[in-house]
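# Descriptive structure summary
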Amino acid sequence: MQEIPDFSENSIELILTILEKEKEISCELPGKGILHIEKQLPYLVIYRRKKEDRGTRRLVINESSYLVIGNEDFPGYQKLLYRIADKISAEMESYLLFEIYSGNTDSTKIKIKGPAQRLPSALDTLKEDFLKINSEFTGLYLDTEILDTPNRQAEGDAQLMSIEEAKNCGAVLVGLELPPIYRDEENNLYPVFFRNFKDYVIKAIHRSFFEFIRVQTTGGVASFNALGRKYLKQIVFDIDKQLADIEKSYQFLWLVSPANIHDIKQEFFNSNYDHVIDYHYRLLPVDPDVLKRRLYNLKIEDIDDPAMSYLFREKREELDMQITMLSERGSRNFLYDSIRLYQGVDKPLCEEARDILNKVPEEGQTEDNDLLDSKAFSSLARKEFDFFRQQDENFKCKVHIRKDVNVMMVSQGELYIPADYKMNRVEAEALIQHEVGTHVLTYYNGSKQPLNQLSIGLADYDPLQEGLAVMSEFMVNGLTANRLRILAGRVIAGEALMEGGNFQEIFRLLKMDYNFSPERAFNITSRIMQGGGFMKDIIYLKGLVLLKDHIKNGGEYEPLLAGKYGIKHTGIIKELTDRKVLKPVQIKPSYLHSEQMFKKLELIRNGLSLPQMICK
């Protein structure tokens, strides 16, 4: 960060020259002041350094355009403000100087001080948002009013500039006085409340700023979401990396799956579907206590960006639950944590599953002369890789044909194929888009983002990820009856598990009531029972339903491929993309925007049911 030692004419000219050339600046000013403008916006959020005022500064310093006024040479700051406002208002027609400060300790009123008649849209929007604050936070009884007064500063403070001076330099002054309800009488923050209150305030002022920009200036901003910072602070990248390192230190799915699954299957079938031997798990390569200590040593509370704070806290909670489950494998507690982690199965999802199983019969094994082995499949995968490389020459991915792998999977963006794998061509084309066109692609797109979390996966990313993968099978005419039935059977098994069913009962339910073959009934049951009860398999159908609803309601498809995240994150991902923090989709699958896909999307928007998605 550049240091500006004083407010001499040369220093101010230097600041204005940098703004003129770079359209952004970040510099230290006298008395521990800071000027940060990272994109030329027609507003500046202002805070004056004060003693015994904990928390208030943090409402300001994550803005993309802010000034912290230091504790020396106030006339110099006044001169700088005038010159910045004069310069930017000449380009954008107006410039908003928005000062935030705390009121008296016993205050219960939010005061918006500004020209009510000149800025009706911006100030009314701010007031409307703050009038809703009591319903957002339990136990708050705050009022909000707009004061049309020439004194926009805190009581006892000097003016930033007079109203006349503001008119002369094209500026508009607004003051926001907040009751300091986020700290106690000893100046200690209420940390959890402050975090949520801060996020609410920032969103409210951004909505107000957007109205000001839209009505009063020539600034071209698409939405209020675009007003946050483009350049994230270093603490964000540090915590992002540490969260990624913690998650990479253990392979969750590998550690909760049994090492003796072949013995379990052989004994179960040899005993006429009666005897289930104990599941044996691999030794933990990590100490859960140490991992949790690392996890909660991360100072996520110091992140002031609302979007990043939310994403990281959510991810920490997910990793916490996973680590707890590792130490509880084989116990009943594993099931309870699994239900919490994957949010169980609700009634509508179970009804969708039953509808599929009642309407879609299982297809028998047919002779197929067009079978592909693992080498032929790897050749198909490499053709898709070539298509990706045409879009981005830096794309790289390895295909591994392994004897010690019993299911096809993608790990760290690379494809693993069982050496003895055989499938027909239709299944192969579908599987290419499932594994390569979705899992490999979103890993790569995520790896091109500035945040590790987008390649590893944000919290609860799995349903959308698997929903996209299954939807891709539908897009290439590869979603078979048996495939859809398996997804539905997993939900029914999850429901039975939550109702107390054991291995044999769930197996019989699938085999006798829903006509699954013994092989498929075992595969579904053995997966849902691992760890002591593992609900992850319900997410495939859940994700497909969520994605189908997203499309039916007019949601975009392509942005969902920008990395690994959940449907609930689409708003935040759009915000971060609008702020230029995240990049748009880097590479796209071969089926995207094809005429066939367009027709299938129309069918979904017109109400296509899940059983109707089977490709004949």
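Described below are features of the structure shown in this document. (Residues numbered from 1 in each chain as written. Predicted model: local features only at pLDDT ≥ 70, side-chain atom pairs only at ≥ 80, totals over all residues. Heavy atoms only, no water.)

### So, empty space enclosed by the protein
To keep things clear, this is the line we draw: Two kinds of site are reported from a 1 Å grid over the protein atoms alone, namely cavities, where a 1.4 Å probe fits but cannot get out, and pockets, open sets with protein on both sides within 12 Å along at least five of seven lines, and residues are called lining when an atom falls within 4 Å of a point. Grid points are joined across faces, edges and corners, and a volume is the space filled by probe spheres set on the points. Secondary structure elements are taken from DSSP: a helix is a run of H or I of four residues or more, a strand is a run of E of two residues or more, and numbering for both begins at the N terminus. Think of it as three bins: nonpolar holds Ala, Val, Leu, Ile, Met, Phe, Trp, Tyr, Cys and Pro, charged holds Asp, Glu, Lys and Arg, and polar takes everything else, Gly as well.
According to the stated counting rule, one finds 1 cavity of 30 Å³ or more in the structure shown. Here the largest cavity is characterised by a volume of approximately 70 Å³. Lining the largest cavity are Leu 97, Glu 99, Pro 150, Arg 152, Gln 153, Gln 159, Leu 160, Met 161, Leu 173, Val 174 and Gly 175. Within the residue set of the lining of the largest cavity, elements represented by two or more residues are β6 (95–102) and β9 (171–178). Among the elements that line the lining of the largest cavity, the one with the most residues is β9, at 3 residues. Looking at the lining of the largest cavity residue by residue, the class counts come to 6 nonpolar, 3 polar and 2 charged.

### Focus: the environment of Lys 32
The condition that has to hold: The cut-offs for exposure are 20% and 50% of the maximum accessible area for each residue type, with area from a 1.4 Å probe on protein chains only; residues under the lower value are buried, those over the upper are exposed, and the others partly exposed. Two residues qualify as a contact provided that any one of their heavy atoms is within 4.5 Å of a heavy atom in the partner residue.
Position of Lys 32 relative to the elements: it lies in the loop between β2 (25–29) and β3 (33–37). On the basis of relative accessible area, Lys 32 is assigned to the exposed category, the value being 62%. Taking the C-alpha atoms as reference points, Lys 32 and Ile 69, separated by 37 residues in sequence, lie 7.8 Å from one another. Not counting residues up to four positions away in its chain, the partners in contact with Lys 32 are Arg 49, Val 68 and Gly 70.

### A closer look at the sheet that holds β6
The following threshold applies: Strands are labelled as partners when DSSP assigns at least two bridges between them. Only the stretch in contact is used when a helix axis is fitted, and all axes are lines through C-alpha atoms; the angle between N-to-C directions ranges over 0 to 180 degrees.
Pairing in this open sheet of 9 strands is mixed, and the strands run β1-β2-β3-β5-β4-β6-β9-β7-β8 from one edge to the other. The sheet is open, and its two edges are formed by β1 (2–3) and β8 (143–147), each paired on a single side. Bridge analysis of strand β7 (residues 109–113) against β9 gives 3 bridges, and the strand direction is antiparallel. Paired with Lys 111 across the bridge in β9 is Glu 177. Packed on one face of the sheet, helix α1 (residues 9–22) meets β1, β2 and β3 and runs near 165° to β2. Lying on the sheet, helix α6 (residues 191–216) is in contact with β4 (43–48), β6 and β9; it crosses β6 at an angle near 160°.

### A few points about the pairing of β3
Most of β3 is tucked away: 5 of the 5 residues are buried. Here β3 shows a buried face lined by Gly 33, Leu 35 and Ile 37 and a second buried face lined by Ile 34 and His 36. Bridge count for β2 against β3 is 5 bridges, and the pairing is antiparallel. In the strand pairing of β3, Cys 27 is matched with Leu 35. Two successive antiparallel strands, β2 and β3, enclose a turn made up of 3 residues, where Gly 31 displays a positive phi of approximately 70°. Relative to strand β5 (residues 65–69), β3 runs antiparallel, the two being bridged by 4 bridges. Within β5, the position partnered with Ile 37 by the bridge is Ser 65.

### Some points on the packing of aromatic side chains
Using the following cut-off: For this analysis, a ring pair means two rings from Phe, Tyr or Trp (six-membered ring only for Trp) whose centres lie within 6.5 Å, classed as stacked if their planes differ by under 30 degrees, edge-to-face if by over 60, and tilted for the remaining angles.
Counted by the stated rule, this structure contains 25 aromatic pairs. Centroid distance Phe 7 to Tyr 77: 4.6 Å. Interplanar angle 65°. Geometry classified as edge-to-face. With a gap of 70 residues between them, Phe 7 in the loop between β1 and α1 and Tyr 77 in helix α2 (residues 74–92) connect regions that are remote in the sequence. Overall, Phe 7 belongs to the buried group, its relative accessible area being 4%. With 5.0 Å between their ring centres and 70° between their planes, Phe 395 and Tyr 444 make a pair best called edge-to-face. Remark: Tyr 444 occurs in helix α15 (residues 425–447) and Phe 395 occurs in the loop between α14 (374–391) and β11 (399–402); sequence separation between them is 49 residues. The burial state of Phe 395 is the same as that of Tyr 444; both residues are buried.

### Let's talk about α1
Quick note on the threshold: To estimate the expected span of a helix, subtract one from its residue number and multiply by 1.5 Å. The directions considered for the arc run from the helix axis to the C-beta atoms.
Over its 14 residues, α1 extends 20 Å from the first C-alpha to the last, a length consistent with the 20 Å expected when each residue adds 1.5 Å. Buried residues of α1: Ser 11, Ile 12, Ile 15, Leu 16, Ile 18 and Leu 19, and no others. Axial view of α1: buried residues confined to an arc of 155°, hence all on one face. Opposite the packed face of α1, turned more than 90 degrees from it, sit the exposed residues Asn 10 and Lys 21. Contacts from the buried residues of α1 go to β1, β2, β3 and α2. Where α1 ends, the next residue or the one after it, Lys 23, has phi of about 65°, a positive value.

### Side note on α15
For clarity, the cut-off: Here the bend at a residue means the angle between the axes of two seven-residue stretches, the one that ends at it and the one that starts at it.
Taking 1.5 Å per residue as the helical rise, α15 with its 23 residues ought to reach 33 Å, and the 31 Å between its terminal C-alpha atoms agrees with that figure. Largest kink in α15: about 30°, centred on Leu 441. Of all 23 residues making up α15, 17 are buried, and the element is well covered by its neighbours.

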